[in-house]
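Reading the structure
These are the residues of each chain, in order.
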Amino acid sequence: MWGLTTPWWSTVMNTPERFYCREGRTSLDGPTCFFLQVTTNLLTRGGKDIAFCDFSPLWKFHRRLVHNSFTLFGEGTSRLQDIVLSAVDGLCVELLSGGRRGFDPSPAVTRAVTNVVCTLVFSATYRHGDAELQEVMRYNDGIVQTIARGGLVDIYPWMKVFPNQTLRKLKESIRIRDQLLTRKLEEHKASLSDGDPHDLLDALLKGQTGGGRGQKSPGWEGAGITDDHVLMTAAEAFGAGVETTSTTLLWILAYLLHHPEVQERVQKELDEQVGGERAVSVSDRGRLPYLDCVINEGMRIRPVSPVLIPHMAMKDSSIGGHAVRRGTRVLVNMWSIHHDPRHWDKPDLFNPDRFLDDQGQRVTPSCFLPFGAGPRVCVGESLARLELFLFLSSLLQRMSFRLPNGNAPPNLQGRLGVVLQPLPYKVIVTPRPGWEGGAK
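Residues numbered from 1 in each chain as written. Predicted model: local features only at pLDDT ≥ 70, side-chain atom pairs only at ≥ 80, totals over all residues. Heavy atoms only, no water.

Notes on the pattern of salt bridges
The tally for this structure, following the rule as stated, stands at 21 salt bridges. Here Asp228 makes a salt bridge to Arg45, at a shortest N to O gap of 2.5 Å. Taken together, the residues Asp228 in helix 10 (residues 227-258) and Arg45 in the loop between helix 2 (37-44) and helix 3 (57-70) connect sequence positions 183 residues apart. Overall, the relative accessible area of 26% leaves Asp228 in the partly exposed class. Looking at Arg45, the relative accessible area reads 28%, which means it is partly exposed. Residues Glu381 and Arg385 are paired through a salt bridge, measuring 3.1 Å at the closest nitrogen-oxygen approach. Taken together, the positions of Glu381 and Arg385, both in helix 14 (residues 381-398) and four residues apart, correspond to about one turn of that helix. Among the residues examined, Glu381 registers a relative accessible area of 24% and is labelled partly exposed. With relative accessibility at 21%, the residue Arg385 sits in the partly exposed group. (Salt bridge = Lys/Arg side-chain N within 4 Å of Asp/Glu carboxyl O. Helix = DSSP H or I, 4+ residues; strand = E, 2+ residues; numbered from the N terminus. Buried < 20%, exposed > 50% of the residue type's maximum accessible area, 1.4 Å probe, protein only.)

Some details on the layout of surface pockets
Summary: where empty space remains is shown by rolling a probe the size of a single water molecule over the atoms. Considering only enclosed or pocket space, the second largest pocket measures out at about 460 Å³ in volume. For the lining of the second largest pocket, the leading source of residues is helix 6 (residues 131-146), giving seven residues. A breakdown of the residues in the lining of the second largest pocket according to their chemical character gives 10 nonpolar, nine polar and six charged. (1 Å grid on protein atoms, 1.4 Å probe; cavity = no way out; pocket = protein on both sides within 12 Å on 5 of 7 lines; lining within 4 Å. Points joined across faces, edges and corners; volume = space filled by probe spheres on them. Nonpolar A, V, L, I, M, F, W, Y, C, P; charged D, E, K, R; others polar.)

So, the confidence of the model for the chain
On average, the chain scores 83 in pLDDT, and the residues at 70 or more come to 82%. Segment residues 212-220: pLDDT under 50, and 15 contacts once partners within four positions in sequence are set aside and those in other chains are kept. (pLDDT = per-residue confidence, 0-100. Contact = heavy atoms within 4.5 Å.)

Regarding the packing of helix 5 (residues 106-122) against helix 10
Geometry of a packed helix pair, given as the angle between the helix axes and the separation of the axes. In contact at an axis separation of 9 Å, helix 5 and helix 10 are set at 145 degrees when each is read in the N-to-C sense. Every pair of crossing elements has a handedness; the one defined by helix 5 and helix 10 is right-handed. Residues Ser106, Val109, Thr110, Val113, Thr114, Val117, Cys118, Val121 and Phe122 of helix 5 touch helix 10, and the partners they reach there are Ala234, Ala237, Phe238, Gly241, Val242, Thr245, Ser246, Leu249 and Leu250. In terms of residue class, the contact of helix 5 with helix 10 is built from 12 nonpolar, six polar and no charged. (Axes fitted to C-alpha atoms, helices over the stretch in contact; angles between N-to-C directions. Left-handed = near helix turned anticlockwise from the far one by under 90°.)

Brief notes about the nonpolar core
Core analysis: the largest hydrophobic core is formed by 108 residues, its most contacted members being Phe122, Phe238, Phe391 and Phe401. Sorting elements by how many residues they give to this core places helix 10 first, with 17 residues. The contact partners of Phe122, leaving out residues within four places of it in the chain, are Leu180, Leu181, Lys184, His188, Asp199, Leu201 and Phe238. (Core = buried A, V, L, I, M, F, W, Y, C linked by side-chain atoms within 4.5 Å.)

Points about helix 8 (residues 165-191)
When the terminal C-alpha atoms of helix 8 are compared, their 40 Å separation across 27 residues agrees well with the 39 Å that a helix rising 1.5 Å per residue should span. For helix 8, the set of buried residues is Leu167, Leu170, Ser173, Ile174, Arg177, Asp178, Leu180, Leu181, Lys184, Leu185 and His188. (Expected span 1.5 Å × (residues − 1).)

Quick notes on the packing of aromatic side chains
A complete count under the given rule lists seven aromatic pairs for this structure. With 4.8 Å between their ring centres and 20 degrees between their planes, Tyr255 and Phe350 make a pair best called stacked. A residue pair is termed long-range when its members are at least 10 positions apart, and Tyr255 in helix 10 and Phe350 in the loop between helix 13 (334-338) and helix 14 qualify at 95 residues. Residues Tyr255 and Phe350 agree in their burial class; the two are buried. Relative to Phe368, the ring of Phe355 lies with its centre 4.9 Å away and its plane at 65 degrees, an arrangement referred to as edge-to-face. Residue Phe355 is located in the loop between helix 13 and helix 14, and its partner Phe368 is located in the loop between helix 13 and helix 14; the two are separated by 13 residues in the primary sequence. Summarising the burial analysis for this pair, Phe355 and Phe368 share the class buried. Of the aromatic side chains, those joined through ring pairs into one cluster are Phe122, Tyr139 and Phe238. Across the ring face of Trp59, the terminal group of Arg376 is positioned such that the distance to the ring centre comes to 4.3 Å. (Phe/Tyr/Trp six-rings, centres within 6.5 Å; stacked < 30°, edge-to-face > 60°. Lys NZ or Arg CZ within 6 Å of the ring centre and 35° of its normal.)

This is the structure in structure tokens:
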């Protein structure tokens, strides 16, 4: 699939095994993988987050608290839609300002998604070029570019005593992140009131204190939720919410440049079902099945996390007939699941129609798991799906993307870090009729 420039990680992703385990060795037939033990401990203050923390009663309460906090912005409310469409307006203006020149859309897309997360987490909305927004983007990018490069220090933790430029950069990015988020947390503590929470930090603080009562009552099950848990949850919202959403959008745009007929079909659906007189809204989602399929196919063919986060088996068990002992670290090979030819016809081809049945109705195969499954399913799935829908539908309603003259289509091999990122590529953006200004 990858030709002569096969990257090292494609060997892992293209093996048939769905799971990898480790308890000092491999329990399944598959390569021994390193686990980001040193770097993730730094990133999460020893597992005070949701994604990397081991299963426990405290983790269950913490996850439920985060899930309930996210309902502030979920289905049935207009808050997320208003936040995302505001970011979309700014993104469209920025993309259209490129004129007829080819440019890399990645910085603009990342800025827009970062702004959405900043608003959700601590109610800050920034203009392009704002110093604090740039600070957030710099530290987030620093973490993304270094967390998966710990190399030997994650295999042999004792090596962290030796000079390590990557580890030093990671620590500096984390220091800047924690400094900014601590400042936001203290501001939220000072302004916390008995009313409805304004953002994720407000909601977490209220959950931490039992609904804003000020003091935790004896036996309060949230008593173990510390300020570190609140901070690491906010930090994870950036690590998971920015990189995954922006990367998925950039992968889809890359595939649309390879398949302009797909872009035209989506735009035809938008013209027929929404028109050009108003912006797309969440309520339009049911009338745009093909656009939904394009999003699903983008998440299938290029899962942003090809090998999911490792988690520990809490008791002796088995997977596919293989013994898994208590304490074993298990990874799910999402790439293999999403590219298994037994379940997907020609899995290496970009084909949104695979998510439609013969009557043109949406279908969701059981082997389509872009957000994981079970107790560890992504807690922000509903928010991510709404963001992807609003961003992509709004962009394709208002503008068209094409390759600069003479440029080759984007390289689809990708670069594996914390997530599988597309290699940089350039586009030319042209406004569609009625959207020359980027917004209405």
